[in-house]
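Residue-level listing of the chains:
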Amino acid sequence: MASPGMDAKEFRKRGKEMVDYIADYLENIQEQRVFPEVEPGYIRKLMPEEAPEDPESWNQIMEDVQTIIMPGVTHWHHPNFHAYFPTANSYAAICGDMLSDAIGGVGFTWASNPACTELEMMMLDWVGRMLKLPNEFLFSAGGKGGGVIQGTASEATLVALLTARNRTVTNNNENKDLLHKMVAYCSDQVCVCLL
């Protein structure tokens with residue numbers, strides 16, 4: 001069931017408008033400044049201090065997006081944006097996000113969403129085969145293989161560090177002081193998630 005305030009009829013209308021807005025934005029992104037010319041705290045000066053008691057109209061919200069939000073956006077998909085890396089984005093991915101948002105499935109266990117869990121397992125097997133990993137790394141091998149898709153580089157790094165720590169402790173179970181001596185080293189040139 002959708003949230004109150006927008007019924008299916010209005011959702012169809014506004015959803016089509018949003019698709020047009022997104023397509024126009026992406027088709028004309030090169031006309032935007034890559035990095036915004038705003039100062040920290042700029043939004044606080046443009047918005048009321050207290051949350052509104054009554055909802056705003058869709059048109060007013062979109063006006064706020066255009067006049068308040070967009071001036072402060074860093075355009076990661078701009079052809080001249082080279083600071084980090086562009087986020088994974090395509091029209092097909094945006095459509096996939098729309099469907100995923102509508103389903104609202106959380107796949108943290110098989111029982112919470114069998115289709116999500118099994119699709120992730122299949123996709124990871126496909127990736128493993130593309131990378132020519134040994135069968136032991138695949139779910140389909142029936143062993144301990146397989147993996148999970150992490151949502152961010154930070155999550156993936158944390159999982160890798162925890163796995164390395166666990167393996168080291170497990171392989172050295174006689175050394176009781178090992179855990180207190182473990183240190184992770186990195187450079188100031190690494191991904192921000194390690195700093």
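Residues numbered from 1 in each chain as written. Predicted model: local features only at pLDDT ≥ 70, side-chain atom pairs only at ≥ 80, totals over all residues. Heavy atoms only, no water.

Chemist: Explain the overall build of the protein chain here, please?
Modeler: Of regular secondary structure, the protein chain possesses 7 helices and 0 strands. Rg of the C-alpha trace for the protein chain: 23 Å, well past the compact-globule value of 16 Å for 195 residues, more than 25% over. Within the protein chain, the proportion of its 195 residues that are buried is 11%. At a minimum sequence separation of 6, the contacts of the protein chain that also span at least 24 residues come to 52%. As presented, the protein chain carries roughly 16100 Å² of accessible surface, and 60% of it is formed by carbon and sulfur atoms. Mean positive and mean negative side-chain charge positions of the protein chain (15 and 26 charges, respectively) differ by 9 Å. (Helix = DSSP H or I, 4+ residues; strand = E, 2+ residues; numbered from the N terminus. Rg over C-alpha atoms; globule rule 2.2 N^0.38 Å. Buried < 20%, exposed > 50% of the residue type's maximum accessible area, 1.4 Å probe, protein only. Contact = heavy atoms within 4.5 Å. Areas by Shrake-Rupley, 256 points an atom, 1.4 Å probe, with all protein chains shown as cover. Lys, Arg positive; Asp, Glu negative; His and termini not counted. Charge placed at Lys NZ, Arg CZ, Asp CG, Glu CD.)

Chemist: Is there a simple way to explain the nonpolar core in this structure?
Modeler: One broad trend across soluble globular proteins is that nonpolar side chains are buried collectively. In terms of nonpolar packing, the biggest core is built from 5 residues, these being Tyr 25, Leu 26, Ile 29, Met 70 and Ile 94. Residue contacts for Met 70: discarding those within four places in its chain leaves Tyr 21, Tyr 25, Val 65 and His 75. (Core = buried A, V, L, I, M, F, W, Y, C linked by side-chain atoms within 4.5 Å.)

Chemist: Can you help me understand the side chain of His 75 in this one?
Modeler: Secondary-structure assignment places His 75 in the loop between helix H3 (58-69) and helix H4 (91-103). Excluding residues within four positions of it along the chain, His 75 makes contact with Tyr 25, Ile 29, Gln 32, Arg 33, Val 34, Met 70 and Phe 81.

Chemist: How should I be thinking about the pattern of salt bridges in this particular structure?
Modeler: Pairing is possible between side chains of opposite charge, provided their charged atoms come close. Scanning the model with the defined rule gives 5 salt bridges in all. Each of Glu 10, Lys 13, Arg 14 and Glu 17 takes part in a single network of salt bridges with overlapping partners. (Salt bridge = Lys/Arg side-chain N within 4 Å of Asp/Glu carboxyl O.)

Chemist: Mind showing me how you'd approach the packing of helix H1 (residues 8-27) against H4 here?
Modeler: Two numbers describe a pair of packed helices, the interaxial angle and the distance between the axes. Packing of H1 against H4 brings their axes to within 12 Å, and their N-to-C directions diverge by 150°. With respect to H4, the element H1 is oriented roughly antiparallel. Where H1 crosses over H4, the handedness of that crossing is right-handed. Where H1 approaches H4, its residues Val 19, Ile 22, Ala 23, Leu 26 and Glu 27 are matched on the opposing element by Tyr 91, Ile 94 and Met 98. Considered class by class, the residues forming the contact of H1 with H4 number 7 nonpolar, no polar and 1 charged. (Axes fitted to C-alpha atoms, helices over the stretch in contact; angles between N-to-C directions. Parallel < 35°, antiparallel > 145°, perpendicular 65-115°, else oblique. Left-handed = near helix turned anticlockwise from the far one by under 90°. Nonpolar A, V, L, I, M, F, W, Y, C, P; charged D, E, K, R; others polar.)

Chemist: Any chance you could explain a nonpolar patch on the surface here in plain terms?
Modeler: On the surface, Leu 119, Met 122, Met 123, Trp 126, Val 127, Met 130, Leu 131, Leu 133 and Phe 137 cluster together into a nonpolar patch covering about 910 Å² of accessible area. Following the sequence through the fold, Trp 126 ends up in helix H5 (residues 114-130). (Patch = residues over 30% accessible without salt bridge, like charges linked within 9 Å, V, L, I, M, F, W, Y side chains within 5 Å.)

Chemist: What is the right way to look at H1 in this model?
Modeler: It helps to recall that an α-helix has 3.6 residues per turn; residues three or four apart then point in one direction. The end-to-end C-alpha distance of H1 is 28 Å, a good match for the 28 Å that 20 residues give at a rise of 1.5 Å each. Within the sequence span of H1, burial applies to Arg 14, Gly 15, Tyr 25 and Leu 26. Each buried residue of H1 sits inside an arc of 110° when the element is viewed along its axis, so together they form one side. When the buried face of H1 is taken as reference, the exposed residues oriented beyond 90 degrees from it are Lys 9, Arg 12, Lys 16 and Glu 27. Tucked inside the fold, the buried residues of H1 contact H3 and H4. (Expected span 1.5 Å × (residues − 1). Arc of directions from axis to C-beta.)

Chemist: For this particular structure, what's the right way to read the packing of H1 against H3?
Modeler: Contact geometry of H1 with H3 gives a least axis separation of 12 Å together with a crossing angle of 20°. Between H1 and H3, the angle falls in the class roughly parallel. Our pair here, H1 against H3, has a crossing hand that is right-handed. Contacts between H1 and H3 pair Glu 10, Arg 14, Glu 17, Met 18 and Tyr 21 from the former with Trp 58, Asn 59, Met 62, Val 65 and Gln 66 from the latter. Of the residues belonging to the contact of H1 with H3, the class tally is 5 nonpolar, 2 polar and 3 charged.

Chemist: Please explain the state of the cysteines as it appears in this structure.
Modeler: Here a disulfide denotes a covalent bond joining the sulfur atom of one cysteine to the sulfur atom of another. One pass over the structure, following the stated rule, counts 0 disulfides. Cys 95 takes part in no disulfide bond, and the closest cysteine sulfur to it belongs to Cys 116, at a distance of 19 Å. (Disulfide = S-S within 2.5 Å.)

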